[in-house]
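Fold and contact review
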Amino acid sequence: MIIQPNKDKNLLKPERASVPGIIIRNIKRQRGSVTIEASFGIPLFLFAALCLIWLIEIQSIRISITNAAQNAAKSAAEDTAIIPVLNTIKLKSDIVALIGEERIGRSIIQGGSSGISCWKSYVSPTTGEMNVKVEYKIWIPLPVMGSPSAELEESFKISSWNGYQSSGMDGEDSTIVYVTENGSVYHEDYNCSYLRLSIRYIPYENVGGIRNKDGGKYHACDKCVIGSAMTGVYITESGNKYHNSLSCSGLKRTIHAVEKSETGGIRACSRCSG
C-alpha cells in the first residue's frame, strides 16, 4: 500500500485558499447594495423633507392671509358704511401691508404681492354684508419642467358696520358721538342722513331740473368735474354739487367716533340729536 500524503495536501490547499476570495466577494456585494440603497434613499429623504417644509410654509401663508384679510375687511367695512362700494385695490394693499411685502416676496406665493387678487370681493346691496375672496397661487416643489403651481382661495363674510358701541359708562361726557373732519356739529346717530349720503346716478341733462332737500341747485364739483361733465353724474340729496367720479372726496365722509366731552363744544345735529 502506497501512501501519498503530499498529493492529499495539495488537494486541500485550493479549498482552503478559496475561502478568503468568497469573503471578499461578499464584502464587495454588500458595499454595492449599500451604495444602491443610498442612491435611492437619500434623494427620497430630501424630497420628503422638502415636502414637509412646503406644507408648513403653505399653512403659514394661509393663516397670514386669512388674518390680514379679516383685519383689512374690518377697516373696509367702515368705508362701505358710507358708500356701499368695496375698494378692492385698497383691500389688497392693506392685506399686503399687514403681512409685509418682504415676507410675501420670499414666500411660495407665485408673483409675490402682485399674485394676490381681491377683485371678486364685493358688498351685497341687499344685506350690506361684505363677501371677501382672496385668490393666489403657490409654487409646487416638483422636479418637473414648467414650474407648476396650485391655486388657493381664502373666503369669508363680514357683517356690515353699524358704528361703535358705547362703553357703557354713565354720564354725558362718556357718551359716544360721531363727527366729521370739517363738520360743525356732532351726531348721536351714526345713521344720520348727514353722515350717510344717499348717492344717486342721473343723466347730466337732468341736473338743471333737480333740486336738493333744501331746494338748491346742483353745481359742478371743483374736484372731479374738470371741463365738461360726463354723460351721467352723481349727486346727493343734501349736497349741492354733481360729481363725475364715485370716488371723489366730496362723496365721502371721514367719520370719527369720540366721547362728547372731546367735541370741543360744537353744537348737536338738529336731525339726530335731542
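Preceding this section is the structure that the text describes.
An account of the accompanying structure is given in this report. (Residues numbered from 1 in each chain as written. Predicted model: local features only at pLDDT ≥ 70, side-chain atom pairs only at ≥ 80, totals over all residues. Heavy atoms only, no water.)

A count of helical and extended segments in the protein gives three helices and 11 strands. With 274 residues in all, the protein has 31% of them scored as buried. Within the protein, contacts between residues separated by at least 24 positions form 60% of all contacts whose residues are at least 6 apart in sequence. (Helix = DSSP H or I, 4+ residues; strand = E, 2+ residues; numbered from the N terminus. Buried < 20%, exposed > 50% of the residue type's maximum accessible area, 1.4 Å probe, protein only. Contact = heavy atoms within 4.5 Å.)

Spatially, β1-β2-β3 is the arrangement adopted by the three strands of the open sheet, whose pairing is antiparallel. At either margin of the open sheet sits one strand with a lone partner, and together these are β1 (122–123) and β3 (149–158). Examined bridge by bridge, β1 and strand β2 (residues 130–139) share two bridges and lie antiparallel to one another. When the bridges of β2 are listed, Val123 appears paired with Met130. (Pairing = 2+ DSSP bridges.)

Turning our eyes to something else, we now look at the pattern of salt bridges. Using the criterion set out here, one finds six salt bridges in the structure. Between Glu57 and Arg103 there is a salt bridge whose closest N-O contact spans 3.2 Å. Highlighted residues: Glu57 in helix α1 (residues 5–80) and Arg103 in helix α3 (residues 101–105), separated in sequence by 46 residues. Of the two residues, Glu57 and Arg103, neither departs from the other in class, the shared state being buried. Glu188 is the partner of Lys260 in a salt bridge, and the nearest nitrogen-oxygen pair spans 3.5 Å. Taken together, the residues span a long stretch of sequence, with Lys260 in the loop between β10 (255–259) and β11 (267–268) and Glu188 in the loop between β5 (185–186) and β6 (199–203) at a distance of 72 residues. Owing to a relative accessible area of 15%, Lys260 belongs among the buried residues under this scheme. (Salt bridge = Lys/Arg side-chain N within 4 Å of Asp/Glu carboxyl O.)

Tracing the sequence through the fold places His187 in the loop between β5 and β6. Take His187: its relative accessible area is 4%, and that puts it in the buried class. Setting aside residues no more than four positions away along its own chain, His187 makes contact with Val177, Tyr178, Cys192, Tyr194, Leu195, Cys269, Cys272 and Ser273.

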